Amino acid sequence: LFFSFAITTAVVYFVSSKVIKIEKLLAVGLLIVAVGLIVLFVLLAIIKLYYNKSFVFPSNYNQIFHYWYIIISFTLISFNSLILSFFQGISNFKIINFITILNGCLNFIVFGACYVLYKYEYSGINVNNILLISMCLVVVNFVIHLFLFFKFFSVWPDFKLNFKEDIRPVLVFISLGHLAYMVSFITYRIDYWVVEHYNGVEELGYYAQAVGMGQMFWYVSTPISTVLAPFLTAEHSKDSINTFKFFSRINFSLTFCLLFITCLFASYIFPIYGSQFCNSVLSFRIISFGILMASVSKVLAVYFISKNKIIYNLIASTTGMVVAVILDFSLIPIYGKIGASIATSISYLAITIVVVIYLKSKFDFDLRNILIVTKDDILIVKSKIYNLLN
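Going along each chain's sequence as written, the residues are numbered from 1 onward. Side-chain atom pairs in this predicted model are given and counted only at pLDDT of 80 or more, local residue features only at pLDDT of at least 70, and totals for whole chains, interfaces and linings cover all residues. Only hydrogens and water are set aside when side-chain values are computed; all heavy atoms of the structure are taken into account.

Draft legend 1. Main features of the overall build of the protein. For helices the rule is a DSSP run of H or I covering at least 4 residues; for strands it is a run of E covering at least 2, with both sets numbered from the N terminus onward. Summing up its helical and strand segments, the protein has 14 helices and 0 strands in all. Traced from its N-terminal end to its C-terminal end, the protein shows the element sequence α-α-α-α-α-α-α-α-α-α-α-α-α-α. Note that the radius of gyration is over C-alpha atoms, with the globule rule given as 2.2 Å times the number of residues to the power 0.38. Scaling as 2.2 N^0.38, a compact globule of 390 residues should have a C-alpha radius of gyration of about 21 Å, and the protein matches this with 23 Å. Once the C-alpha set of the protein is aligned to its principal axes, its extents read approximately 60 × 60 × 50 Å. Computed by Shrake-Rupley with a 1.4 Å probe, the accessible areas treat only the displayed protein chains as cover when residues are assessed. Accessible surface, the protein as shown: approximately 21000 Å² in total, 68% of it carbon and sulfur.

Draft legend 2. Inspection of the pattern of salt bridges at higher detail. Here, a salt bridge means any side-chain nitrogen of Lys or Arg that lies within 4 Å of a carboxyl oxygen of Asp or Glu. Throughout the structure, instances matching the rule amount to 6 salt bridges. Linking Lys337 and Glu203 is a salt bridge whose minimum nitrogen-to-oxygen distance equals 3.4 Å. In this pair, Lys337 sits in helix H13 (residues 337-363) while Glu203 sits in helix H6 (residues 163-215), placing the two residues 134 residues apart along the sequence. Across the pair Lys245 and Asp366 runs a salt bridge whose closest N-O atoms are separated by 3.7 Å. A residue pair is termed long-range when its members are at least 10 positions apart, and Lys245 in helix H8 (residues 238-264) and Asp366 in the loop between H13 and helix H14 (375-389) qualify at 121 residues.

Draft legend 3. Representation of the state of the cysteines in the model. For the purposes of this analysis, a disulfide is any pair of cysteine sulfur atoms at a distance within 2.5 Å. Scanning the entire structure with this criterion turns up 0 disulfides. Unpaired in this structure, Cys136 has its nearest cysteine sulfur neighbour in Cys114, at a distance of 11 Å. Exposure is judged per residue with a 1.4 Å probe applied to protein chains only, and the accessible area is read against the type maximum: over 50% gives exposed, under 20% gives buried, and values in between give partly exposed. Cys136 gets classed as partly exposed once you look at its relative accessible area, which sits at 46%. This cysteine, Cys278, is not joined by any disulfide, and Cys263 carries the nearest cysteine sulfur, 15 Å off.

Draft legend 4. Layout of the environment of Val296. Its location among the elements puts Val296 in helix H10 (residues 281-300). Between the alpha carbons of Val296 and Val355 there is a distance of 9.5 Å; along the sequence they are 59 residues apart.

Draft legend 5. Quick look at the packing of H6 against helix H12 (residues 310-335). The angle between two axes is taken between their N-to-C directions and runs from 0 to 180 degrees, where each axis is a line fitted to C-alpha atoms and a helix contributes only its stretch in contact. Contact geometry for H6 and H12: axes closest at 9 Å, N-to-C directions at 10°. In terms of their interaxial angle, H6 and H12 are classed as roughly parallel. The residue makeup of the contact of H6 with H12, split by class, is 19 nonpolar, 7 polar and 2 charged. Comment on the angle field: the value is read as roughly parallel under 35 degrees, roughly antiparallel over 145, roughly perpendicular from 65 to 115, and oblique elsewhere. Residues are grouped as follows: Ala, Val, Leu, Ile, Met, Phe, Trp, Tyr, Cys and Pro are nonpolar; Asp, Glu, Lys and Arg are charged; every other residue, Gly included, is polar.

Draft legend 6. Summary view of the nonpolar core. The term nonpolar core refers to a set of buried residues drawn from Ala, Val, Leu, Ile, Met, Phe, Trp, Tyr and Cys, joined through side-chain atoms within 4.5 Å. Counting 50 residues, the largest nonpolar core has Phe244 and Phe284 as its most contacted members. Those elements giving two or more residues to this core turn out to be H6, helix H7 (218-234), H8, H10, helix H11 (302-306), H12 and H13. Pairs of residues are marked as contacts when any of their non-hydrogen atoms sit within 4.5 Å. Other than its neighbours up to four places away in sequence, Phe244 contacts Leu228, Leu232, Val299, Leu300, Tyr303 and Phe365.

Draft legend 7. Local environment of a nonpolar patch on the surface. Distance thresholds for patches are 9 Å for like charges and 5 Å for nonpolar side chains (Val, Leu, Ile, Met, Phe, Trp, Tyr), applied to residues having over 30% relative accessible area and no salt bridge. Taken together, the side chains of Ile38, Phe41, Val42, Ile46, Leu49, Tyr50, Tyr51, Ile64, Trp68 and Ile72 present a nonpolar region at the surface, about 1000 Å² in accessible area. Looking at the nonpolar patch, the elements with two or more residues in it are helix H2 (22-50) and helix H3 (64-89). Top element by residues in the nonpolar patch is H2. It accounts for 6 residues. In this structure, Ile64 sits in helix H3.

Draft legend 8. Representation of the side chain of Ser73 in the model. Relative to the elements of secondary structure, Ser73 occurs in helix H3. Ser73 gets classed as buried once you look at its relative accessible area, which sits at 8%. Not counting residues up to four positions away in its chain, the partners in contact with Ser73 are Met135 and Val138.

Draft legend 9. Geometry of the packing of H3 against helix H5 (residues 127-152). Between H3 and H5, the least distance of the axes is 9 Å, while the angle of their chain directions is 25°. When the axis of H3 is compared with that of H5, the two are roughly parallel. Regarding H3 and H5, the two cross each other, and that crossing is left-handed. When its residues are assigned to classes, the contact of H3 with H5 shows 21 nonpolar, 7 polar and no charged. Should the near helix be turned anticlockwise from the far one by less than a right angle, the crossing is left-handed, and should it be turned clockwise, the crossing is right-handed.

Draft legend 10. Structural view of the side chain of Ser225. For Ser225, the location among the structural elements is in helix H7. Setting aside residues up to four positions removed in sequence, Ser225 forms contacts with Lys298, Val299 and Val302.

Draft legend 11. How the structure looks around helix H1 (residues 7-17). For H1, the buried fraction is high: 9 of the 11 residues fall into the buried class. For H1, the set of buried residues is Ile7, Thr9, Ala10, Val11, Val12, Tyr13, Phe14, Val15 and Ser16. Those residues of H1 hidden inside the fold are in contact with H2, H3, H6, H7 and H11. Once H1 finishes, Lys18 follows within two positions and takes phi at roughly 60°, a positive value.

Pasting the structure below:
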């Protein structure tokens, strides 16, 4: 998160907009990854050489192997993400889905086998072995990503770069995008830190379970925003805006229905994790409103990315962070996890409000009917499903 510098989002935008040639964009992406790797390497070297008790690893896992694990994994995962962003930029989601499913199957088979061996008390399964296996899987993924990239793009990085035309636009884009990611990270995590500080680990466990359950429903908005980003960047027409609004309605209506049903049956769902997790039910019901608002902003904010106006996403995220910090320190010491739930929902609402305000004021975006599905939408979905089944 800290050392990737949001390069993948930038690649999606510039591949979709065709502002920079792919071979030059690949070179810029590799340079950004290299910078992140160098910074990470220097930081870990300083920690290893000058700090006896590392704040990165537990004391029993503070060997050279663990540092190399972080460096190699970071490097290869960064390369993999960079390659996937090129496929996302050309909207080749068939390849992305193939890689995702393949990774899921590999992880399930390999780590499932490790779990079975561990249950049968096989002595070779320990933390270091799992890290080594994990690194091997990352290497396998890297080879697959590299093969597919050269098969579909057949280009090599061109390092004959012009700073003004090739590097500067990417640096401007990723600087704002990276700041937005950092601010969002604080917004999504500060409630955890404050709950643990004032109310202890047990209260945090109940709250974290409620938040985790709520964020599962972002699996509706995240794929939609992922697909819309390159689509909107490549096409700016009345039809593309109508498509954008159509998926905005699908996103809100589907998320609302799923959250509503889950809230109704939350008293029966949470005890599945253990009877004590009944303490998470009220927190989840409060957070659900914020999750719904965040799902709206996640999709609507894609419009800013497509217009290369990430500054508005940064402003919205900063607003949410400020609201979260103020309310967390005001409500959590008094009301615990319930106060955290209220603060989180209001901060997510604040982000959505800012996004909507900028859409209207800066782009004169027609906000009518962006939430509730219409009869025509239902007919379109039914037709698509019917054609797919046939």
